[in-house]
There are 2 protein chains.
Amino acid sequence: MRKPRVLVTSGDPGGVGPELVLRALADPGVGGLADFTVVGSPAGLRRDAAALGLPLPRILPVSDPSGALVSDPSVMPVSDPSGVPVGRPSAEGARAAVEAVRTALRLMAGKDADALVTAPVSKEALRLGGYPWPGQTEMLADLSAVGDLRVLLMAGPLRVVHVTAHRSLRSAIDAVTRASVLRTIELADGIGRRLLGRPPRVAVAGLNPHAGEHGILGDEDEQAIRPAVADARSRGIDASGPLSADTLFPRAAAGGTDLVVAMYHDQGHIPVKLLGPDEGVAVTLGLPFLRMSPDHGAAFDIAGKGVARAGSMKAAMRAAAEAAGREAAEAAGHDAADAKGAP
Amino acid sequence: MRKPRVLVTSGDPGGVGPELVLRALADPGVGGLADFTVVGSPAGLRRDAAALGLPLPRILPVSDPSGALVSDPSVMPVSDPSGVPVGRPSAEGARAAVEAVRTALRLMAGKDADALVTAPVSKEALRLGGYPWPGQTEMLADLSAVGDLRVLLMAGPLRVVHVTAHRSLRSAIDAVTRASVLRTIELADGIGRRLLGRPPRVAVAGLNPHAGEHGILGDEDEQAIRPAVADARSRGIDASGPLSADTLFPRAAAGGTDLVVAMYHDQGHIPVKLLGPDEGVAVTLGLPFLRMSPDHGAAFDIAGKGVARAGSMKAAMRAAAEAAGREAAEAAGHDAADAKGAP
């Protein structure tokens, strides 16, 4: 059975992206789990490999990208803009990061890899480069021509999918509708099956304190969330809720459910960051492929210094390799069964 | 120096209140910290003492309540309504609980004790008894003729004061005003001084994700919270914020601040319950005396069975004794200094 192939963009070369990627690849608990191909600017990778004494993967020739993918760790180079400043956001750094994502998307569209992990880019650099996206997730949605994404955050024992994320709390309440909650539960169920290899238990948090106490403390829990949970159950999903968020998270942390659906940013981010401060992984749901990213920014202030915490990048690459590997194994099993069953 | 005197109401006799009180008193790490006087129905206490093999404190004669307070653990009896059913909410159970609170309030008003700890009552029983209060805190506010209370939740390393609590999330946003945030910061500073014996560091959470990102994700952080923090600083309080809540709580848990001000119920309750699930203590701020309560309900389903988790009641009684003890010591110090300085 072949190993899964995972693409890893190295992010903004002026930030900690190249360091995170190299340190994760050098970890035997990560590097051996998949055929990793780094997509990014060779300059940043060369610089950090030399500065930190880390192995530099073989840099592939720029030719037919998919044909060049090989099984040992390698670098698929993107045009190296000269003069990316290290340690601060710049248009050049953003350009290199965007080029890496574009190349990776072409490879993912051609089914040349099983999952994508992205190192950090900078909101400020994207602005300096004149790009329209506030972050990499919006970039991926736009370049993949999909909308309506959701974010799953994983850390420690918790997996939390968010109905809404980066918007004001007031507008987040408005966006908690029966349809948006149902869509989130379906995406949570889908990623749960991919991550766990079985139908997951999905526990849905309430919006209001005590999940609204039957409508006494706000009506959204009864009007939007409870019907959405019923819809999901009628579609065969093992969903429950709305549940009081302050008692749900301790229960989830103790293994009492597989995934939590949170209504807004802080409701999900507070418990995840509290229980797994240095190992958070974000999974983007709704893209046509599996994409994971570390809970780490470009961190220009520590770029090239060898002090970035790579735990979250390692966790992202490990999770991508494991999920893709399970799917490859299942596909191989189906193929074998098909071959066996063929006349 | 005298020990502090702490009153402990035993709550609804049909629930776990009497058991929680007796088990906490029997713990040498709690019972010796103060002169505890239990205020409540003797029937429930007798029942649980017999069933669980726990010492029953001496039951005082019903006469002049304050004169009868003695230093060993004792019970100040309130009229024992016959026929309080065990294991379910009832009007009789609520009546006993309310009588205990009324008696305790008379003693507190007469400065006969230094702090009050209240065992659980039941919202449903209060309704059955025809009382107008949804919970014990509202009862205390009404009977003490004060409004505008705040709740401090403590567990593990966290102390969190809430600007709003039991109201819909939408109405909580409306209630986050410059004045309400400032009032909360002042109450947080005040209780911090009482609990720590020094001016505390108070970190104020933002309302919106990332504390609004300078107004991009909602304007409440800039319009209400930032000015309130500035007001508090101008009054000499060591306040900071608004701070992104998802990174603030991990920092607070690591000791990076003394108190957190949270804007709404779940923002504060999720981290507290996650880090200290069985030892949560609520402190009511704004009353004319120190009042603490365990993070535990009347739990009728396990009443009298000896399985209630008393950790949170013990923590409440310990915290009340320690805070009252510190104040008594400081008062004694002042008195001694005054006497010494007298001609």
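A.B. asks: I'd like a rundown of the overall build of chain A, residues and numbers included.
C.D. replies: Counting secondary structure elements, chain A contains 13 helices and 12 strands. Relative to the compact-globule value of 20 Å for 343 residues, chain A shows a C-alpha radius of gyration of 21 Å, a close match. For chain A, the spread of C-alpha atoms along the three principal axes comes to 60 × 60 × 35 Å. Taking as baseline every contact in chain A between residues at least 6 positions apart, the subset at least 24 positions apart corresponds to 74%. Counting only carbon and sulfur atoms, one obtains 52% of the accessible surface of chain A, whose full area is about 13000 Å².

A.B. asks: Explain helix H10 (residues 220-234) of chain B to me, using residue names and the numbers behind them.
C.D. replies: Think of an α-helix as turning once every 3.6 residues; residues three or four places apart then point the same way. Counted at 1.5 Å a residue, the expected span for H10 of chain B with its 15 residues is 21 Å, and the 20 Å between its end C-alpha atoms agrees. Of the positions making up H10 of chain B, those classed as buried are Glu-220, Asp-221, Ala-224, Ile-225, Pro-227, Ala-228, Val-229, Asp-231 and Ala-232 of chain B. Residues of H10 of chain B that are buried make contact with helix H8 (169-175) of chain A together with helix H8 (169-175), helix H9 (178-196), strand E8 (201-205) and strand E9 (238-243) of chain B. Once H10 of chain B finishes, Gly-236 of chain B follows within two positions and takes phi at roughly 90 degrees, a positive value.

A.B. asks: Talk me through the sheet that holds strand E12 (residues 290-294) of chain A; I want residue IDs and the actual numbers.
C.D. replies: Residue and element names in this part refer to chain A. If you trace the 12 strands from one edge of the open sheet to the other, you get E3-E4-E2-E1-E5-E12-E11-E6-E7-E10-E8-E9, paired in mixed fashion. What marks the edges here is a single partner per strand, and that holds for strand E3 (58-59) and strand E9 (238-243). Sheet topology places strand E7 (residues 158-162) next to strand E10 (residues 259-262); three bridges connect them, and they run parallel. Across the sheet, His-162 pairs through a bridge with Ala-262, a residue of E10. Sitting on the sheet, helix H7 (residues 136-143) touches strand E1 (5-9), strand E5 (115-118), strand E11 (281-285) and E12, and the angle it makes with E12 is about 160 degrees.

A.B. asks: Lay out the packing of helix H9 (residues 178-196) of chain A against helix H10 (residues 220-234) of chain A with the relevant residues and their values.
C.D. replies: Between two packed helices, both the angle of their axes relative to each other and the distance between the axes serve to describe the pair. All names here are of chain A. Interhelical geometry of H9 versus H10 gives an angle of 45 degrees and a closest axis separation of 8 Å. As the angle between them shows, H9 and H10 are arranged oblique. Viewed along their axes, H9 and H10 form a crossing whose handedness is right-handed. Here Arg-178, Val-181, Leu-182 and Ile-185 of H9 come into contact with H10, specifically with Ala-224, Ile-225, Pro-227, Ala-228, Val-229, Asp-231 and Ala-232. In terms of residue class, the contact of H9 with H10 is built from nine nonpolar, no polar and two charged.

What counts as what
Residues numbered from 1 in each chain as written. Chains lettered and ligands numbered in written order. Predicted model: local features only at pLDDT ≥ 70, side-chain atom pairs only at ≥ 80, totals over all residues. Heavy atoms only, no water. Helix = DSSP H or I, 4+ residues; strand = E, 2+ residues; numbered from the N terminus. Rg over C-alpha atoms; globule rule 2.2 N^0.38 Å. Contact = heavy atoms within 4.5 Å. Areas by Shrake-Rupley, 256 points an atom, 1.4 Å probe, with all protein chains shown as cover. Expected span 1.5 Å × (residues − 1). Buried < 20%, exposed > 50% of the residue type's maximum accessible area, 1.4 Å probe, protein only. Pairing = 2+ DSSP bridges. Axes fitted to C-alpha atoms, helices over the stretch in contact; angles between N-to-C directions. Parallel < 35°, antiparallel > 145°, perpendicular 65-115°, else oblique. Left-handed = near helix turned anticlockwise from the far one by under 90°. Nonpolar A, V, L, I, M, F, W, Y, C, P; charged D, E, K, R; others polar.

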